[in-house]
Amino acid sequence: MTQVGAGRPVQTEFAGMPPRLYAASPSRLLALVDCPRRYRMQYLDRPRPEQRPQRAHTSFGLAVHNALRDWWDLPRDRRTASAGRELVRESWIDVGFRDPEQSSQWRRRAQEHVTAYLAGVDPDDHPTGIERTVSFVSGALRVTGRIDRLDDRDGELVVVDYKTSQKPLGEADARTSLPMALYAAAVWKMFRRPCLRVELHHVTSGEVVEHTHTPESLTRKVDEAKSIARDAQRADADFAERGVESTLFPPVVGPLCTWCDFRAHCPEGQTAGPEKSGWAALEPAEVPRAVEVD
C-alpha cells in the first residue's frame, strides 16, 4: 500500500497486472453524467453532506413499487386486483407531502393506479424474478443493479421496469435507457439466455412502452457504460489524492439544480433558481424528464 496526498491508502499496481474492476450501479454512472459535483457529494464525500428530506413523488413511487412486489407474495386465492388497494395502504409513506390531505389524496390515486394495473396481470403467470439483483463484468467494469420484474414469455426473457411519473412515456424512453440496456445485458450473462426486450410499465396510465434491442445495440450501451466508468474511475482516484480540491467535479448548473438533494451544499446550484417544494413533481408540467426516474 502507498499513501497519497489526502492520506488515503491506495493499492499499489504493478506492470502487467489486469486493470482493477470498477464496481458501479447504473444510477451511479448516470449521476456522474448529470452532475459531477452531485456525484462527488453523493458517492465520495465522507461524511456525506446531509440530503434534503425525501420528496412526495419518491414516497408515491416507492409505495407503488412495494405494493406490486408484495402482490406476488400473496396466496393465489388472494392475488386479485382489488388486493392492491390494501397493499398500497400498508406500504404508504407519508413523507414529502404538503399536508395530510394531500398525502391522502395521492394515496387514493396510488390505490386506483395499482388496482387498474393489476387488473391486466395474470396472477398465475409468476415472474421469473421480482426485484432481482443482477450483475455482470465487462472489461474493467462490474455493473450491479436491481430490476423490478423479469418475465419469461414463451422462452423470451423480458426486463420490466415500473414507472410512476406523472408525464407519459415514449418509445425513446425505453430505447435510449442506459439502465434498462445494462439490466438486459446482465440478465443475458447470468441466465445464459438472450435478453433483448425491455419494457417500461407506466403504472399511472397503464401504458406499456417497449423496445427490442439487438446484440449490437446492447454492446453499444455496455461500451457507453464502460466509457463513463473510466471517467468515474479517474475522478475517484483524483478525489482519493486531492479530496475536495480535485477539479474533476464541476457543477452542471441548470434546471435540475432546483430539484437537487444536495443544493444546500452547492452555491453554484443555488443560483439556478429557488428550490422546488417537496411535492412539486406531483404537477407534471413542472417536472424535467430526469427528475422522473424512479
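Just so it is clear, the model here is predicted, and its values are computed rather than measured.

Participant: Please explain the overall build of the protein as it appears in this structure.
Facilitator: The helix and strand tally for the protein stands at nine helices and eight strands. A burial count over the protein gives 46% of its 294 residues as buried. Considering only intrachain contacts with a sequence separation of at least 6, the fraction spanning at least 24 residues in the protein is 66%. A total accessible area of about 15,000 Å² is found for the protein, and carbon and sulfur atoms account for 51% of it.

Participant: What is the right way to look at the environment of isoleucine 130 in this model?
Facilitator: Structurally, isoleucine 130 can be placed in strand β4 (residues 129–138). Between the C-alpha atom of isoleucine 130 and that of leucine 68, which follows or precedes it by 62 residues, the distance is 9.4 Å. Setting aside chain neighbours within four positions, we find isoleucine 130 in contact with Arg69, Trp72, Ile147 and Asp148.

Participant: What's the story with empty space enclosed by the protein in this structure? I'm lost.
Facilitator: Which parts of space are left empty comes out when a probe the size of a water molecule is rolled across the atoms. Applying the stated rule across the entire model yields two cavities of 30 Å³ or more. Put simply, the second largest cavity is a space of about 40 Å³. Taken together, His65, Leu68, Arg69, Trp72, Ile130, Glu131, Asp148 and Tyr162 make up the lining of the second largest cavity. Contributions of two or more residues to the lining of the second largest cavity are made by α3 (56–71) and β4. Looking at the lining of the second largest cavity, its residues break down into four nonpolar, one polar and three charged.

Participant: Before we go on, may I ask you to explain unusual backbone geometry in this structure?
Facilitator: Negative phi characterises most residues that are not glycine, and trans characterises most peptide bonds. Of note, the bond from arginine 46 into proline 47 is cis; its omega dihedral lies within 30 degrees of zero at 0 degrees. By the secondary structure assignment, proline 47 is in the loop between α2 (36–44) and α3. The residue aspartate 154 is not glycine, and still its phi comes out positive at about 55 degrees. Secondary-structure assignment places aspartate 154 in the loop between β5 (141–153) and β6 (156–163). The backbone phi angle of arginine 192 is positive, close to 55 degrees, even though this residue is not glycine.

Participant: What is the right way to read the confidence of the model for the protein from this model?
Facilitator: As a general rule, the predicted coordinates of low-pLDDT regions are not to be interpreted in detail. For the protein, the average pLDDT comes to 92, and 90% of its residues sit at 70 or higher. Below a pLDDT of 50 lies the segment residues 1–10, which in the model reaches 19 contacts outside its immediate sequence neighbourhood of four places, other chains included.

Participant: Teacher, can you tell me more about the packing of helix α1 (residues 26–34) against helix α8 (residues 215–242) here?
Facilitator: A pair of packed helices can be characterised by two numbers: the angle between their axes and the separation between those axes. Their axes nearest at 10 Å, the elements α1 and α8 cross at an angle of 75 degrees. With respect to each other, α1 and α8 are oriented roughly perpendicular. In this structure, α1 uses Arg28, Leu29, Leu32 and Val33 to contact α8, whose residues at the interface are Ala225, Ile228, Ala229, Asp231, Ala232 and Asp236. Considering only residue class, the contact of α1 with α8 consists of seven nonpolar, no polar and three charged.

Participant: Explanation requested: the side chain of serine 246 in the structure shown.
Facilitator: By secondary structure assignment, the location of serine 246 is in the loop between α8 and α9 (267–270). Exposure remark for serine 246: the relative accessible area of 9% places this residue in the buried category. Dropping the residues within four chain positions of it, serine 246 is found in contact with Asp238 and Phe239.

Participant: Help me understand the packing of aromatic side chains, please; the structure alone is not making it clear to me.
Facilitator: The geometry of an aromatic ring pair comes down to the distance between the two centres and the angle between the two planes. Counted by the stated rule, this structure contains eight aromatic pairs. Aromatic side chains tyrosine 39 and phenylalanine 249 sit 6.4 Å apart centroid to centroid with 10 degrees between the ring planes, which places their arrangement in the stacked category. Remark: phenylalanine 249 occurs in the loop between α8 and α9 and tyrosine 39 occurs in helix α2; sequence separation between them is 210 residues. For the pair tyrosine 39 and phenylalanine 249, a shared accessibility class is recorded, and that class is buried.

Participant: What am I meant to see in α8 here?
Facilitator: Owing to its 3.6 residues per turn, the α-helix aligns residues three or four sequence positions apart on the same side. Here α8 contains 28 residues, and its C-alpha end-to-end distance of 40 Å stays within 8% of the 40 Å for a straight helix at 1.5 Å per residue. Glycine 243 sits one or two residues past α8 and shows a positive phi near 65 degrees.

Participant: Honestly, helix α4 (residues 83–91) in this entry has me stumped. Any pointers?
Facilitator: Listing the buried residues of α4 in full gives Ala83, Gly84, Leu87, Val88 and Ser91. Buried positions in α4, seen along its axis, are confined to an arc of 135 degrees and lie on one side of it.

Participant: Is there a simple way to think about the packing of α3 against α4 in this case?
Facilitator: Interhelical geometry of α3 versus α4 gives an angle of 130 degrees and a closest axis separation of 8 Å. Judged on the interaxial angle alone, α4 and α3 are oblique. In this structure, the crossing between α3 and α4 has a hand that is right-handed. Across the interface between the two elements, Ala63, Asn66, Ala67, Asp70 and Trp71 from α3 touch Ala83, Leu87, Val88 and Ser91 from α4. Partitioned by chemical class, the residues of the contact of α3 with α4 number six nonpolar, two polar and one charged.

Rules used in this analysis
Residues numbered from 1 in each chain as written. Predicted model: local features only at pLDDT ≥ 70, side-chain atom pairs only at ≥ 80, totals over all residues. Heavy atoms only, no water. Helix = DSSP H or I, 4+ residues; strand = E, 2+ residues; numbered from the N terminus. Buried < 20%, exposed > 50% of the residue type's maximum accessible area, 1.4 Å probe, protein only. Contact = heavy atoms within 4.5 Å. Areas by Shrake-Rupley, 256 points an atom, 1.4 Å probe, with all protein chains shown as cover. 1 Å grid on protein atoms, 1.4 Å probe; cavity = no way out; pocket = protein on both sides within 12 Å on 5 of 7 lines; lining within 4 Å. Points joined across faces, edges and corners; volume = space filled by probe spheres on them. Nonpolar A, V, L, I, M, F, W, Y, C, P; charged D, E, K, R; others polar. pLDDT = per-residue confidence, 0-100. Axes fitted to C-alpha atoms, helices over the stretch in contact; angles between N-to-C directions. Parallel < 35°, antiparallel > 145°, perpendicular 65-115°, else oblique. Phe/Tyr/Trp six-rings, centres within 6.5 Å; stacked < 30°, edge-to-face > 60°. Expected span 1.5 Å × (residues − 1). Arc of directions from axis to C-beta. Left-handed = near helix turned anticlockwise from the far one by under 90°.

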